[in-house]
Amino acid sequence: MSTNVGGYIRGPWWRYNGDEEKTRRCFVIAWGNIVKNPVEWYSGTSAIKFVIKCGRGAGRNEKHLLCVGYGDQMSSVVMRAMEKGDAVLVCGTWVENSEKKTKRGVTTVYECRVNFIIPQGLLGYLLDL
């Protein structure tokens, strides 16, 4: 039995009309422990990112999921308050891009663009009330 408490559920794949062929998207609900502290950066718009350990799912090899929040949304504010080791539940859009590397050929880069986040510590606190 695995000690990992994480996982994810994805919906069907879709593309915007303006998307390139190498980009595809789906809706995702993921949960797990944060394994990399949130990092904030500014490149035209503010963004914050952290990595959660979600285990493997849907016959795939990814064990970690990069979660990114853009702009001044409520989810980005909550993401800034998170720390390594916190358990979270995130809902958003899984964005998968194919990028070319020189030696290894084509690799897949994926991230979860977070629209909604619930710290699991908050649920425990609310249950104690």
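The structure presented is a predicted model; accordingly, all values stated were derived computationally and were not measured.

J.: Please clarify how the environment of G44 should be interpreted in this entry.
T.: For G44, the position within the fold is in the loop between β2 (23-43) and β3 (45-53). Remark: the alpha-carbon pair of G44 and G71, spanning 27 residues in sequence, is separated by 9.7 Å.

J.: I'm lost on the pattern of salt bridges in this one. Help?
T.: Opposite charge on two side chains permits them to pair, given that their charged atoms come into close proximity. Following the criterion strictly, the structure yields three salt bridges and no others. Note that R24 and E96 form a salt bridge whose closest N and O atoms lie 2.9 Å from each other. Of this pair, R24 sits in strand β2 while E96 sits in strand β5 (residues 87-101), and the two are 72 residues apart along the sequence. Judged by its relative accessible area of 7%, E96 is buried.

J.: Explain a nonpolar patch on the surface here, please?
T.: On the surface, L122, L123, Y125, L126 and L129 cluster together into a nonpolar patch covering about 530 Å² of accessible area. By the secondary structure assignment, L129 is in the segment after α2 (120-128).

Criteria and thresholds
- Residues numbered from 1 in each chain as written.
- Predicted model: local features only at pLDDT ≥ 70, side-chain atom pairs only at ≥ 80, totals over all residues.
- Heavy atoms only, no water.
- Helix = DSSP H or I, 4+ residues; strand = E, 2+ residues; numbered from the N terminus.
- Salt bridge = Lys/Arg side-chain N within 4 Å of Asp/Glu carboxyl O.
- Buried < 20%, exposed > 50% of the residue type's maximum accessible area, 1.4 Å probe, protein only.
- Patch = residues over 30% accessible without salt bridge, like charges linked within 9 Å, V, L, I, M, F, W, Y side chains within 5 Å.
- Areas by Shrake-Rupley, 256 points an atom, 1.4 Å probe, with all protein chains shown as cover.

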